[in-house]
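An overview of the molecular structure
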Amino acid sequence: MNRRILITGASRGIGRAIAEKLADSDVTLLLHGRDTVALAETCKAVQSHCAGVVKLIHDLATEKGVANLISEVGGDPLNVLINNAGIAVVKPFREVTLEEWKQTLGVNVTAPFLLMQRFVAQMPPGSSVVNILSIAAQTGFANWSTYCMSKFALEGFSQSVRDELRERRIRVLNIYPAATNTEIWDDVMGDWPREKMISANEVASAVAYALSRPENVAVENITLSNAAGNL
Ligand SMILES: NC(=O)c1ccc[n+]([C@@H]2O[C@H](COP(=O)([O-])OP(=O)(O)OC[C@H]3O[C@@H](n4cnc5c(N)ncnc54)[C@H](OP(=O)(O)O)[C@@H]3O)[C@@H](O)[C@H]2O)c1
């Protein structure tokens, strides 16, 4: 049976690593991003390993972008929805602009809300929603207020949705990575030891593990900490 898997933010970083990990002969990957060149690279890396690849280019910061993504994905049911796209605004909270606040809410919270609301209706029993949260969904950190706000919000939302979806046997699997070496850090102020961070591949392995369990088993929460202490 062909499985349809939608991954948002698959153009780079953790999303690309997940796409590479989940590519299989019975899988059609619906890969979303904004950067057409980077997304094409992900598609090229996976297309010979899976049944099909669909490239979806939309800005998830806007309701229109999310609506266009939904309409392009179409009415065929998804077996897995992976809410991975995300942004990090890192600065003292007094310097955060309203635009940055709205942008973060849009990409990190409202888009997953709209995608879950639209797609779970068609998802068959045994399907899964995967949310790429963060250790910042559980703990606040100085200068990360806007990011933590968004991850805490998605955490509360997804815990509640998980309970609503139990009767339909749809699993909600939440992943909480510590600092992971991806391009998200390129624009974060400060001196962050990228070489000490965990890899995107490790996060992707955790996602693949959770999805690989029998349909009656939900590996609901996976926290990936840094063995040497979080950075
Ligand atoms: N890296 C970490 O330390 C870390 C730790 C814990 C959790 N996470 C979470 O993991 C997820 C992936 O992060 P990453 O580290 O892989 O970051 P990344 O390398 O910067 O990739 C972010 C992805 O999100 C997409 N994206 C960003 N803004 C978007 C927008 N407005 N509309 C549509 N797509 C947008 C990007 O698309 P384009 O580049 O094509 O625009 C890209 O594919 C995020 O939810 C992040 O919060 C990351």
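Check the entry above for the structure.
So, here's what we can say about the structure. (Residues numbered from 1 in each chain as written. Predicted model: local features only at pLDDT ≥ 70, side-chain atom pairs only at ≥ 80, totals over all residues.)

Turning to the overall build of the protein, a few remarks are in order. The secondary structure content of the protein amounts to 6 helices and 7 strands. The order of helices and strands in the protein, counted from the N terminus, is β-α-β-α-β-α-β-α-β-α-β-α-β. Taking 17 Å as the expected radius of gyration for a compact globule of 231 residues, we find that the protein reaches 17 Å, a close match to that expectation. Along the three orthogonal principal directions, the C-alpha set of the protein runs to about 50 × 40 × 35 Å. Within the span of the protein, comprising 231 residues, buried residues form 39% of the whole. Long-range contacts, defined here as pairs at least 24 residues apart, represent 69% of the contacts in the protein between residues at least 6 apart. (Helix = DSSP H or I, 4+ residues; strand = E, 2+ residues; numbered from the N terminus. Rg over C-alpha atoms; globule rule 2.2 N^0.38 Å. Buried ≥ 20, exposed ≤ 12 C-beta atoms within 10 Å, placed from the backbone. Contact = placed C-beta atoms within 7 Å.)

So, about the site of the ligand. Contacts to the ligand come from 26 residues, most closely from Gly9, Gly13, Arg34, Gly86 and Thr182. The biggest single contributor to the shell around the ligand is helix H1 (residues 13–22), with 3 residues. When grouped by side-chain class, the residues that make up the shell around the ligand number 11 nonpolar, 10 polar and 5 charged. (Near = placed C-beta within 6 Å. Nonpolar A, V, L, I, M, F, W, Y, C, P; charged D, E, K, R; others polar.)

Here we come to the sheet that holds strand S4 (residues 80–83). Hydrogen bonding along the main chain pairs the strands of a sheet, whether they run parallel or antiparallel. Ordered by their spatial adjacency, 7 strands build an open sheet running S3-S2-S1-S4-S5-S6-S7, and the pairing between neighbours is parallel. Since the sheet does not close on itself, it has two edges, and those belong to strand S3 (52–57) and strand S7 (221–224), each with one partner. Averaged over all pairs of adjacent strands, the angle between strand axes in this sheet comes to 15 degrees, irrespective of strand direction. Along the sheet face, helix H4 (residues 98–119) touches S4 and strand S5 (128–132) and points at about 170 degrees away from the line of S4. (Pairing = 2+ DSSP bridges. Axes fitted to C-alpha atoms, helices over the stretch in contact; angles between N-to-C directions.)

Where H4 contacts helix H5 (residues 145–165), the two axes come as close as 9 Å, and the packing angle between them is 15 degrees. Taken as axis vectors, H4 and H5 run roughly parallel relative to one another. Considering how the two elements wind past one another, H4 and H5 form a crossing that is right-handed. Across from Glu100, Trp101, Thr104, Leu105, Asn108, Val109, Pro112, Phe113 and Met116 in H4, the residues of H5 making contact are Thr146, Tyr147, Ser150, Lys151, Ala153, Leu154, Phe157 and Val161. Here the contact of H4 with H5 is composed, by residue class, of 11 nonpolar, 4 polar and 2 charged. (Parallel < 35°, antiparallel > 145°, perpendicular 65-115°, else oblique. Left-handed = near helix turned anticlockwise from the far one by under 90°.)

Here we take up unusual backbone geometry. We note that Asn143 has phi near 75 degrees; this positive angle belongs to a residue other than glycine. Inspection of the secondary structure assignment puts Asn143 in the loop between S5 and H5. Exposure remark for Asn143: the 17 C-beta atoms within 10 Å place this residue in the partly exposed category. Phi at Arg169 takes a positive value of approximately 60 degrees, unusual for a residue other than glycine. By the secondary structure assignment, Arg169 is in the loop between H5 and strand S6 (171–177). On the neighbour-count criterion, Arg169 (14 C-beta atoms within 10 Å) is partly exposed.

Residues Ile5, Ile7, Ile18, Leu29, Leu31, Ile175 and Val207 are the most contacted members of the largest nonpolar core, which totals 57 residues. For Leu29, the contacting residues outside a window of four places in its chain are Ile5, Ile7, Ala19, Leu22, Ala23, Val46, Cys50 and Val53. (Core = buried A, V, L, I, M, F, W, Y, C linked by C-beta atoms within 7 Å.)

This next bit is on the packing of H1 against helix H6 (residues 200–212). At a minimum axis separation of 8 Å, H1 and H6 run at an interaxial angle of 50 degrees. Considered as vectors, H1 and H6 are oriented oblique to each other. In this structure, the crossing between H1 and H6 has a hand that is right-handed. Contacts from Gly13, Ile14, Ala17, Ile18, Glu20, Lys21 and Leu22 of H1 reach H6 at Ala200, Asn201, Val203, Ala204, Ser205, Val207 and Ala208. For the contact of H1 with H6, the per-class residue count stands at 9 nonpolar, 3 polar and 2 charged.

This part takes up the environment of Pro92. In this fold, Pro92 is placed in the loop between S4 and H4. When the C-alpha positions of Pro92 and Ile222 are compared, they lie 29 Å apart, and in sequence the two are 130 residues distant.

With that settled, consider the environment of Gly13. Within the secondary structure, Gly13 is located in helix H1. Since 22 C-beta atoms lie within 10 Å of it, Gly13 is described here as buried. Through-space distance from the C-alpha of Gly13 to that of Tyr176 is 15 Å; in sequence the pair is 163 residues apart. Leave out the neighbours within four places in its chain, and Gly13 touches Thr182, Glu183, Ile184 and Ala200.

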